[in-house]
Amino acid sequence: MPAFTIVTTSATHGSDAVEVSTLSDDFTNDSEALGYSRRMAEEMVGMAHQLSLDFDFSTVGLYNGDLIDEDIDPSHTAFLGAWVLDEEGASFVGADELREGETGPEAT
């Protein structure tokens, strides 16, 4: 069973604090890991609604491998994508799409 690392990053309007947590676990395949990370993202959105929190920057990132002891960010080669959270819910953005957004069309 392959290992995946899920990194949640949460910040809310009106706060300078950012909470980051990391979970590494074995999943049957990348589809199962993606589904688990989606449920985490949906739960975060649900809790925010219950607590009347407005997200400023919150994501649930998915990485291939057990990366607990590494410094990881979306530029890491193991990054698969992230669930981006807002008041409307969670939407998945793949690593390629995020990387394209960082370089932008003017870089081509």
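Computed from a prediction, not measured in an experiment: that's the story for all the values here.

Draft legend 1. Representation of the overall build of the protein chain in the model. When its secondary structure is counted, the protein chain shows 2 helices and 5 strands. Of the regular secondary structure in the protein chain, the N- to C-terminal order runs β-β-α-β-β-β-α. Evaluated residue by residue, the protein chain yields a buried proportion of 35% over its 108 residues. The contacts of the protein chain with a sequence gap of at least 6 include a subset with a gap of at least 24, amounting to 53%. Here the protein chain displays about 6800 Å² of accessible surface, and carbon together with sulfur accounts for 48% of that area.

Draft legend 2. Here's a closer look at a negative patch on the surface. Together, Asp25, Asp26, Glu32, Asp66, Asp69, Glu70, Asp71 and Asp73 line one region of the surface with negative charge. Along the polypeptide, Asp73 turns up in the loop between strand S3 (55–64) and strand S4 (79–86). On the basis of relative accessible area, Asp73 is assigned to the partly exposed category, the value being 37%.

Draft legend 3. Structural context of the nonpolar core. One finds Phe4, Ile6, Phe27, Ala33, Ala41, Met44, Val45, Val60, Leu62, Trp83 and Leu85 forming the largest nonpolar core, which totals 11 residues. Looking at this core, the elements that each hand over two or more residues are strand S1 (3–12), helix H1 (30–50), S3 and S4. Of all hydrophobic cores here, the second largest spans 7 residues; its members include Val7, Ala78, Phe79 and Ala95.

Draft legend 4. Representation of the environment of Gly46. Along the chain, the position of Gly46 falls in helix H1. Separated by 43 residues in sequence, Gly46 and Gly89 place their C-alpha atoms 8.4 Å apart.

Draft legend 5. Up close: the confidence of the model for the protein chain. Mean pLDDT over the protein chain stands at 85; residues scoring 70 or higher make up 90%. The low-confidence segment residues 104–108 (pLDDT under 50) makes 0 contacts with residues lying over four places distant or belonging to another chain.

Reading the values: the criteria
Residues numbered from 1 in each chain as written. Predicted model: local features only at pLDDT ≥ 70, side-chain atom pairs only at ≥ 80, totals over all residues. Heavy atoms only, no water. Helix = DSSP H or I, 4+ residues; strand = E, 2+ residues; numbered from the N terminus. Buried < 20%, exposed > 50% of the residue type's maximum accessible area, 1.4 Å probe, protein only. Contact = heavy atoms within 4.5 Å. Areas by Shrake-Rupley, 256 points an atom, 1.4 Å probe, with all protein chains shown as cover. Patch = residues over 30% accessible without salt bridge, like charges linked within 9 Å, V, L, I, M, F, W, Y side chains within 5 Å. Salt bridge = Lys/Arg side-chain N within 4 Å of Asp/Glu carboxyl O. Lys, Arg positive; Asp, Glu negative; His and termini not counted. Charge placed at Lys NZ, Arg CZ, Asp CG, Glu CD. Core = buried A, V, L, I, M, F, W, Y, C linked by side-chain atoms within 4.5 Å. pLDDT = per-residue confidence, 0-100.

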